[in-house]
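Coordinates in review
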Amino acid sequence: VVGTVDAQGNISIDHSTDSVQFLAENSYNSGIDWNSNGTKFAAVIESHENAPSYSLKVVCGSVSGTTTTLGSVVEVSTAGISTPVLRWDPNNADKFVVMYYDSGMKAKIGSVSGTTITLGSEQSLEQSNKSSKTNDFQWAPDQSGKFIAAFVNKSGGDRAAIQLCEVDYSAGTISPET
């Protein structure tokens, strides 16, 4: 792999030779998504650096021709997390939400400037914190800031659950709607 690192720690890679390894530790579940105008992508990775505990990390990048530029890796959570899902808001090219399991469904808002990620505080997506490790979510395409989350509700007898959530970017919150 041929690459360069600039003064801000951003890595530029020429993909004509090989793939890019941006975490040195063992990794497991991952996900990736493009922003709404196709100028940036973000990847979420479950790291096993401190096994048996896992941490969750995100990185943002952009592509120009055959060159990928990656920002710095940002830690989302250091708790016993799993099943990460990352989705860009289709109505906001600089915002995404990462959802994950950590003794219940949790999420954080990600804001991006260039390839630099800033994460908001952890939000609980359910009041009972009794969900399973199976989850997913999708943005409502016609309603900026709303998404629907799906998970297995352990407190409801292992029943499938759907939760509508609303993101308030100015307050930095994700609120489950009742």
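First, a word on scope: everything that follows refers to the structure included in this document. (Residues numbered from 1 in each chain as written. Predicted model: local features only at pLDDT ≥ 70, side-chain atom pairs only at ≥ 80, totals over all residues. Heavy atoms only, no water.)

1. Points about the pairing of strand β11 (residues 116-119)
Remark: a regular strand shows side chains that alternate across the two faces of the sheet. Put simply, the test is: Note on exposure labels: buried denotes an accessible area under 20% of the residue type's maximum, exposed denotes more than 50%, and partly exposed covers the range between, all computed with a 1.4 Å probe on protein chains only. Secondary structure counts use DSSP, requiring at least four H or I residues in a row for a helix and at least two E residues in a row for a strand, with both numbered from the N terminus. At least two DSSP bridges between two strands are needed for those strands to be called paired.
Of the two faces of β11, only the one carrying Ile117 and Leu119 is buried; Thr116 and Thr118 on the other face are not. As judged from the 4 bridges shared by strand β10 (residues 105-113) and β11, these two strands associate in the antiparallel manner. The residue of β11 that forms the bridge with Gly110 is Leu119. Between β10 and β11, which pair antiparallel one after the other, the connecting turn spans 2 residues, and Gly114 there sits at a positive phi close to 65°.

2. Observations regarding the environment of Thr69
As a reminder, the rule being used: Pairs of residues are marked as contacts when any of their non-hydrogen atoms sit within 4.5 Å.
Note on placement: Thr69 falls in strand β6 (residues 67-70). Thr69 sits 58 residues away from Ile11 along the chain, and the two C-alpha atoms are 5.4 Å apart. Discounting chain neighbours no more than four positions away, the residues touching Thr69 are Asn10, Ile11, Ser12, Cys60, Gly61, Ser62 and Thr115.

3. Let's talk about the nonpolar core
Inclusion rule: Buried residues of nine kinds, namely Ala, Val, Leu, Ile, Met, Phe, Trp, Tyr and Cys, make up a nonpolar core once their side-chain atoms join them within 4.5 Å.
One finds Val97, Met99, Leu125, Phe137, Phe147, Val167 and Ile174 to be the most contacted residues of the largest nonpolar core, which totals 17 residues. Going through the elements one at a time, β9 (95-101), β10, β13 (131-139), β14 (146-153) and β15 (159-168) are the ones with two or more residues in this core. For Val97, the residues in contact, after removing those within four places along its chain, are Val85, Leu86, Arg87, Ala107, Lys108, Phe137, Trp139, Phe147, Val167 and Ile174. One finds Val58, Cys60, Val74 and Val76 within the second-largest nonpolar core, a separate group that totals 16 residues.

4. Some words on the pattern of salt bridges
What counts, and what does not: Criterion for a salt bridge: a side-chain nitrogen of Lys or Arg within 4 Å of a carboxyl oxygen of Asp or Glu.
Taken as a whole and judged by the stated rule, the model has 2 salt bridges. Among the ionic pairs, Asp136 bridges to Arg87, the shortest N-O distance being 2.7 Å. Of the two residues, Asp136 is situated in strand β13 and Arg87 in strand β8 (residues 82-88); the sequence distance between them amounts to 49 residues. Overall, Asp136 belongs to the partly exposed group, its relative accessible area being 32%.

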